[in-house]
Amino acid sequence: MGYYIIKEPNYFRKFACIGSSCESNCCHGWEELVWLNDEYEKLLALSEGIREAAEKSFERLDVPDFDKPLWNLNLSDGKCPFLAENSLCSIQREFGGEFISNTCRVYPRVSVFNSAVMTRGCYASCPEVGRMLLNDEHALEMCVRQVQVDGNEITLSSVLYEGEEDFSEYPALRFRNELFGLFYDILSDRKRALDENMLLGLETAKRISETNTGDIPALIEQEQRRFNDPDIRAESELNFPKAAELFTEIFGSNETISAVLVNGKPDRAKIEKGASLFPVHFLKNLALNFLFELRMPFCFADESVFKCYKFFLSVYAIARLVLSAGAINGGTDLALKRLAELDRKIIHDSAAAMKIFESIDE
């Protein structure tokens with residue numbers, strides 16, 4: 001018998017899928033969807049029709065780190081072949097939720113298990129999550145609770161995780177929880193504007209990356225004291241021109257963000273005009289939510305905290321452009337739709353994420 005700490009934003013346990021009422025169904029728009037071998041084999045035993053569709057739609061993946069193959073579900077035009085006409089899952093409707101993949105059951109939830117602490121949130125690629133960030137000022141306030149589990153296995157809200165992260169190769173992962181807390185506190189601080197907090201966080205990330213792993217706890221305390229100094233100011237600003245370049249490279253066009261461009265370049269006055277159409281709390285909620293979505297401060301376990309934070313900052317800057325342009329063109333409804341599309345592309349598409357990451361210089 002053991003005890004684990006759960007850290008989650010206030011909205012997490014309030015979230016509920018709205019099913020066929022959703023304007024952006026979970027079952028389309030993905031580049032790939034991987035199923036475990038056991039999940040795939042369960043499909044083959046359901047019915048002749050399901051078996052034929054599965055054999056036609058799945059591609060076997062032999063991965064060295066796995067004893068059994070993985071199966072990639074080929075999505076025709078980004079649409080799941082098991083999606084029914086009413087925008088619901090035909091497998092779940094006919095046979096029950098236990099026959100769909102764990103990914104399908106869990107989405108849009110995301111969790112990280114580290115040193116007996118589970119930190120979890122939800123992806124804003126789900127429009128309902130975006131609405132919760134928009135409509136609830138307290139959505140990203142942190143809730144902390146203790147749960148009791150058997151052995152090393154922890155099962156919560158259909159999320160199954162076993163074991164710990166491996167610290168042997170990347171020892172700084174040992175301090176993931178403490179560093180996450182530091183950045184959460186920096187971004188949620190009310191003494192300064194959000195952008196100022198974001199950039200001060202970048203300076204903190206740089207110092208962490210330049211510090212020996214064993215000295216990280218002392219540095220965290222030092223950074224907390226430094227940040228509490230009201231006279232501290234950031235030495236840089238958000239790089240919207242670079243964000244616009246990345247958006248164009250990923251999507252092949254800048255049409256979606258054209259409302260905040262002048263002569264093809266981001267215009268800060270237009271960006272701020274678009275941002276002003278949202279409640280004051282929304283952008284802070286979004287920035288904090290990206291901490292959960294990107295598994296910060298280690299969205300790439302083998303990279304420095306500084307490079308991971310620069311990736312996080314780039315994602316946020318791109319989102320700011322998309323949201324401001326969407327709000328100017330069609331109000332908050334269009335902006336949230338654009339956010340879901342952006343989140344789905346750059347959070348769940350590894351190729352798009354790598355384009356952003358490779359543009360970052362240490």
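Residues numbered from 1 in each chain as written. Predicted model: local features only at pLDDT ≥ 70, side-chain atom pairs only at ≥ 80, totals over all residues. Heavy atoms only, no water.

Quick word on the packing of helix α7 (residues 194-209) against helix α8 (residues 216-227)
- Orientation of α7 relative to α8, taken along the N-to-C sense of each, is 150 degrees, at an axis distance of 11 Å. Relative to α8, α7 is oriented roughly antiparallel. Considering only the axes of α7 and α8, their crossing is right-handed. Across the interface between the two elements, Asn197, Leu200, Glu203, Thr204, Arg207 and Ile208 from α7 touch Ile216, Leu219, Glu223, Arg226 and Phe227 from α8.
- Here the contact of α7 with α8 is composed, by residue class, of five nonpolar, two polar and four charged. (Axes fitted to C-alpha atoms, helices over the stretch in contact; angles between N-to-C directions. Helix = DSSP H or I, 4+ residues; strand = E, 2+ residues; numbered from the N terminus. Parallel < 35°, antiparallel > 145°, perpendicular 65-115°, else oblique. Left-handed = near helix turned anticlockwise from the far one by under 90°. Contact = heavy atoms within 4.5 Å. Nonpolar A, V, L, I, M, F, W, Y, C, P; charged D, E, K, R; others polar.)

Brief notes about the pairing of strand β5 (residues 109-114)
- Where burial is concerned, most of β5 is hidden: five out of the six residues are buried.
- The sheet contact formed by β5 and strand β6 (residues 117-122) spans six bridges and is antiparallel. Looking at the pairing, Ser111 lines up with Arg120 of β6.
- In this structure, the hairpin formed by β5 and β6 is closed by a connection of two residues, where Ser115 is found at a positive phi of approximately 50 degrees. (Buried < 20%, exposed > 50% of the residue type's maximum accessible area, 1.4 Å probe, protein only. Pairing = 2+ DSSP bridges.)

So, the environment of Leu44
- Structurally, Leu44 can be placed in helix α1 (residues 37-44).
- On the accessibility criterion, Leu44 (25% relative accessible area) is partly exposed.
- For the pair Leu44 and Ile5, spaced 39 residues apart in sequence, the C-alpha separation works out to 38 Å.
- When sequence neighbours within four positions are dropped, the list of residues in contact with Leu44 reads Arg51, Ala54 and Glu55.

Side note on the sheet that holds strand β1 (residues 2-9)
- Spatially, the four strands line up as an open sheet ordered β5-β6-β1-β7, and their pairing is mixed. Two strands bound the open sheet, and with one partner strand each, they are β5 and β7 (142-149). Across the sheet, the axes of successive neighbouring strands diverge by a mean angle of 25 degrees, strand direction being ignored.
- Packing of helix α11 (residues 280-293) onto the sheet brings it into contact with β1, β5, β6 and β7, and relative to β6 it is tilted by some 125 degrees.

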